[in-house]
Every structure is written in C-alpha cells, then in structure tokens.
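# Structural overview for review
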Amino acid sequence: MKILILGGDGYLGWPTAMDLVQNGHEVMVVDNYYRRKIAEETNSQPLFDTPLLDKRTTLYNNLTGNKIAYRIGDLQNHEFTFSVVSDFEPDTIIHYAEQPSAPYSMRGFREAQETLSNNLRTTFNVMWAMIKFA
C-alpha cells in the first residue's frame, strides 16, 4: 500500500513511517519544519539534534535497506499539496501535519491565529487534494 504521512518530521510521523515501511508499505513523508521553526522561535530546543529529513531518510535507508521518500513544503499551499498527492498517488493519507493548540497558541493572538490558520488551511487543502487526485 502507498501511504503518505503528513507531518513526517514529527514525534508521531517519523516512527509511523519507519513502522509502515518495515511492514512492506511504500511510504512518503511530507513536512515543512514548522515545529522546528516554533522551537527555535520560543528557544525550546530539543534535548538532542535530529537530522533534517534529507539526512534522516538517507541514514534510515542505509541502515535498514528500506526507503522512505520525502518532500519538503508547506501544505498550506494548495499547489504543493495537490502536486504531492497527484504525484505520489497514495492509497492512504495519515495527517499529523497540525500544530497542537497548546501551549504555542496560548502565547498570544499572533500565535493563536498562526496555529488556527496552519491547521485549517492544511486540512482543507488535504481534503481537496483527496477529492481531486485520490
């Protein structure tokens, strides 16, 4: 099965991708590094460095022999979202590409608006991409 994981750089997305590819599925992860941007903006760095997806997928592919494809881009951009779905033609889409509403959105109006915009636009674009291409 071809599985597209949105938010593939995240805490849930990457382990899901590794599990699915090890169980024989063709997997592509998509991310825009939004979580990393917020961590940098709020000075809340991770306990250890995590490679970006280009290096992470290469390391994983070399260690396991299993390939995880990736695309970097903003799913709020409908053209990007449509191209990912139409090019990959997934059987299933797993959507983790949302910013949790807390605690970032509780910092202020701009952060709350940014979180809402990201989450709604992304989901809207994914729904339309599924209608048009999947």
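These lines cover the structure that appears in this document, whether it is placed above or below. Small disclaimer: the values here were computed from a predicted structure and weren't measured.

### Structural notes on the overall build of the protein
For the protein, the helix and strand inventory stands at five helices and four strands. Walking the protein from its N terminus toward its C terminus, one meets helices and strands in the order β-α-β-α-α-β-α-β-α. Against the 2.2 N^0.38 benchmark of 14 Å for 134 residues, the protein shows a C-alpha radius of gyration of 15 Å, consistent with a compact globule. Taken along its principal axes, the extent of the C-alpha atoms in the protein is 45 × 40 × 20 Å. A separation of at least 24 residues holds for 67% of the contacts in the protein among residues at least 6 apart in sequence. By element, 57% of the accessible surface of the protein is carried by carbon and sulfur atoms, the whole surface being about 8100 Å². Of note, the protein has its 12 positive side-chain charges centred 2 Å away from the centre of its 16 negative side-chain charges.

### Notes on the nonpolar core
Counting residues in hydrophobic clusters, the biggest one holds 13 residues, and the most contacted among them are Leu-4, Leu-6, Met-28, Val-30, Leu-75, Phe-80 and Val-84. Going through the elements one at a time, strand E1 (2-6), strand E2 (26-31), helix H4 (78-88) and helix H5 (109-133) are the ones with two or more residues in this core. Broken down by element, the residue count for this core peaks at five residues, all from H4. The contact partners of Val-30, leaving out residues within four places of it in the chain, are Leu-4, Ile-5, Leu-6, Gly-7, Gly-8, Arg-71, Gly-73, Leu-75, Phe-80 and Val-84. Ile-3, Ala-17, Val-27 and Leu-53 belong to the second-largest nonpolar core, a separate cluster that totals twelve residues.

### Remarks on the packing of aromatic side chains
Taken as a whole and judged by the stated rule, the model has three aromatic pairs. Pairing Trp-14 with Tyr-60 gives two aromatic rings, centres 5.9 Å apart and planes at 80°, and the pair type is edge-to-face. Residue Trp-14 is found in helix H1 (residues 13-22), and its partner Tyr-60 is found in helix H3 (residues 53-64); the two are separated by 46 residues along the sequence. The exposure class of Trp-14 is buried, given its relative accessible area of 9%. Considering the side-chain rings of Phe-124 and Trp-128, the 6.4 Å spacing of their centres and the 55° angle between planes classify their relative orientation as tilted. Note that Phe-124 and Trp-128 are positioned in helix H5 at a spacing of four residues, about one turn of the helix. Assessed through its relative accessible area of 47%, Phe-124 is described here as partly exposed. Under the relative-accessibility criterion, Trp-128 is labelled partly exposed at 39%. Sitting above the plane of the Phe-88 ring, Lys-2 keeps its charged end 4.8 Å from the centroid.

Basis of the calculations
- Counting of residues starts from 1 at the beginning of each chain's written sequence and follows it residue by residue.
- Residue-level local features of this predicted model are given only where pLDDT is at least 70; pairs of side-chain atoms are given and counted only at 80 or more, and the full residue set underlies all totals for whole chains, interfaces and linings.
- Water and hydrogen atoms were dropped before computing side-chain values, which therefore reflect all heavy atoms in the structure.
- Numbering of helices and strands runs from the N terminus; a helix is a DSSP stretch of H or I covering at least four residues, while a strand is a stretch of E covering at least two.
- The globule rule used here is 2.2 Å times the number of residues to the 0.38 power, and the radius of gyration it is set against is calculated over C-alpha atoms.
- Note on contacts: a residue pair is in contact if any heavy atoms of the two residues lie within 4.5 Å.
- We get accessible surface area from the Shrake-Rupley algorithm with a probe of 1.4 Å; when it comes to residues, only the shown protein chains can shield them.
- Charge assignment in this entry is limited to Lys and Arg as positive and Asp and Glu as negative, and neither His nor the chain termini are counted.
- Taken as the charge centre is NZ of Lys, CZ of Arg, CG of Asp or CD of Glu, depending on the residue.
- Definition of nonpolar core: a set of buried residues of the types Ala, Val, Leu, Ile, Met, Phe, Trp, Tyr and Cys, connected through side-chain atoms within 4.5 Å.
- For every residue, the accessible area obtained with a 1.4 Å probe (protein chains only) is divided by the maximum for its type, and the residue is called buried under 20%, exposed over 50%, and partly exposed between those limits.
- Pairing of aromatic side chains requires ring centres within 6.5 Å, counting the rings of Phe and Tyr and the six-membered ring of Trp. Pairs whose planes differ by under 30 degrees are stacked, by over 60 edge-to-face, and all others tilted.
- Sitting over a ring, as applied to charges here, requires NZ of Lys or CZ of Arg to be within 6 Å of the ring centre and within 35 degrees of the ring normal.

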